[in-house]
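Observations on chain architecture
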Amino acid sequence: GTLPTDCAASPIVCDTHMKHAAAAAARDGGALRCLTFEITSTLVCMSVPLGRVYGEAVRHYKLPCPDDDTMKAAFKSAYGKTNAELPNFGAASLANEREWWRAMIRSTLDQAGCTEALDDETFPLVFQRIYSSFASPDVWAPCPEGASAMRHAKERGLVVGVCSNVYPRYVDQNLPLLGLHRDLDFAATSYEAGALKPSRDVFDAAARKASHVNRLLHGRTQPDVAPGQVLHVGDDLEKDYLAARAVGMHALLFDPDGKAADAAAERGVPASDVIRSLAEVPSRIDELLGAAV
């Protein structure tokens, strides 16, 4: 290939050219071709307690409201109930995920004892305030080092995607809100796939999209991206790490608080596959490419 213009004047191969060569190797035959992430609690983290978001919406209208911990407990109970009745955010039965959240928020307020907030004229106001809050940078923050891990992957010639149990709004609004769309090539969501991880359907969708993007970016003759050429990073032992490994992908378990280490060890997860920071992802990428720097 042609040397980059900033190298052409020198007979010595410069660092920039070496990076281009490494990227080409990754594209043309390297072991790794794609990096994927779970979104929630891996790329995107809540910056305020969940119970507070709900509580503040109720208190905004000067309505009685329990403390934030009680509200959080009500949310967890309502989430389980709503997801059992309308799995996968209502993908198969409702017009959109907003309707799922309407049912979910109503159930949360009911279980928290916020009866005045459930009044026919009041509930739409409280619902909108809660729903809008979850499209705000007041609630969400990028998990540290996620963006730099995505950038490193792109610099090494990889396709970058998300493989996540989420609905469209996360991809349409939340990721761009935090600047996490810039190095993102594709999104494979449970909502679109019609199944939740740990089902392989979401991972298969990710591999198909990665294959198509790889051909668009690096040449129409590129072969399909095989599962063994994908590295998936997520925070859930069952739904991310073990599910990805079961379909043949490489995987890292993101465990920033160290709470999953014992359970992971019991399931035979190598300690080297459990990371405390997304800053550890670039070195694993380099290792899998066989060109650690």
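Residues numbered from 1 in each chain as written. Predicted model: local features only at pLDDT ≥ 70, side-chain atom pairs only at ≥ 80, totals over all residues. Heavy atoms only, no water.

In this section: helix H5 (residues 97-111). Under the 1.5 Å per step criterion, the end-to-end length of H5 is 21 Å for 15 residues, consistent within 8% with the ideal 21 Å. Every buried residue of H5 is listed here: Glu97, Trp100, Trp101, Met104, Ile105, Ser107, Thr108 and Leu109. Buried positions along H5 lie against helix H2 (50-60), helix H3 (68-85), helix H4 (87-90), helix H6 (123-133), helix H8 (168-177) and helix H9 (190-193). Directly beyond the C-terminal end of H5, a positive phi value near 80° is found at Gly113. (Helix = DSSP H or I, 4+ residues; strand = E, 2+ residues; numbered from the N terminus. Expected span 1.5 Å × (residues − 1). Buried < 20%, exposed > 50% of the residue type's maximum accessible area, 1.4 Å probe, protein only. Contact = heavy atoms within 4.5 Å.)

With that settled, consider the packing of H5 against H6. Where H5 meets H6, the closest approach of the two axes is 10 Å, and the angle between their N-to-C directions is 110°. In terms of axis orientation, H5 runs roughly perpendicular to H6. For the pair H5 and H6, the sense of crossing is right-handed. Between H5, through Glu97, Arg98, Trp101, Arg102, Ile105, Arg106 and Leu109, and H6, the contact on the second element is made entirely by Phe123, Val126, Phe127, Gln128, Ile130 and Tyr131. (Axes fitted to C-alpha atoms, helices over the stretch in contact; angles between N-to-C directions. Parallel < 35°, antiparallel > 145°, perpendicular 65-115°, else oblique. Left-handed = near helix turned anticlockwise from the far one by under 90°.)

With that out of the way, let us pick up the confidence of the model for the chain. Interpreting fine coordinate detail is not advised for predicted regions of low pLDDT. The predicted model of the chain averages 90 in pLDDT, with 89% of residues at 70 or higher. Every residue in residues 1-29 is under pLDDT 50, and counting partners more than four places away or in other chains gives 27 contacts. (pLDDT = per-residue confidence, 0-100.)

Taken as a whole, this structure holds 14 aromatic pairs when the rule is applied. The residue whose ring lies beneath Arg102 is Phe127, and the NZ or CZ to ring-centre distance is 4.6 Å. Stacked on the ring of Phe123, the Lys or Arg Arg106 has its end atom at 4.0 Å from the ring centre. (Phe/Tyr/Trp six-rings, centres within 6.5 Å; stacked < 30°, edge-to-face > 60°. Lys NZ or Arg CZ within 6 Å of the ring centre and 35° of its normal.)

Tallied over the entire structure, the rule returns 15 salt bridges. Salt-bridge contacts for Asp286 lead to Arg156; the nearest nitrogen and oxygen are separated by 2.3 Å. Taken as a pair, Asp286 in helix H13 (residues 281-289) and Arg156 in the loop between helix H7 (146-155) and strand S4 (159-164) lie far apart in primary sequence, 130 residues in all. Between Lys209 and Glu192 there is a salt bridge, with the nearest N and O atoms lying 2.7 Å from each other. Of this pair, Lys209 sits in helix H10 (residues 200-218) while Glu192 sits in helix H9, and the two are 17 residues apart along the sequence. Among the charged side chains, a salt-bridge network with shared partners connects Glu38, Lys197 and Asp240. (Salt bridge = Lys/Arg side-chain N within 4 Å of Asp/Glu carboxyl O.)

Throughout the structure, instances matching the rule amount to one disulfide. Residue Cys45 pairs covalently with Cys143 via a disulfide, S to S 1.9 Å. Disulfide Cys45-Cys143: the torsion about the S-S bond is 100°, which places it as right-handed. One end of the pair, Cys45, is in strand S2 (residues 44-46); the other, Cys143, is in the loop between strand S3 (140-142) and H7, and 98 residues separate them in sequence. Not engaged in a disulfide, the cysteine Cys34 finds its nearest cysteine sulfur in Cys163; these two sulfurs lie 9.0 Å apart. (Disulfide = S-S within 2.5 Å.)

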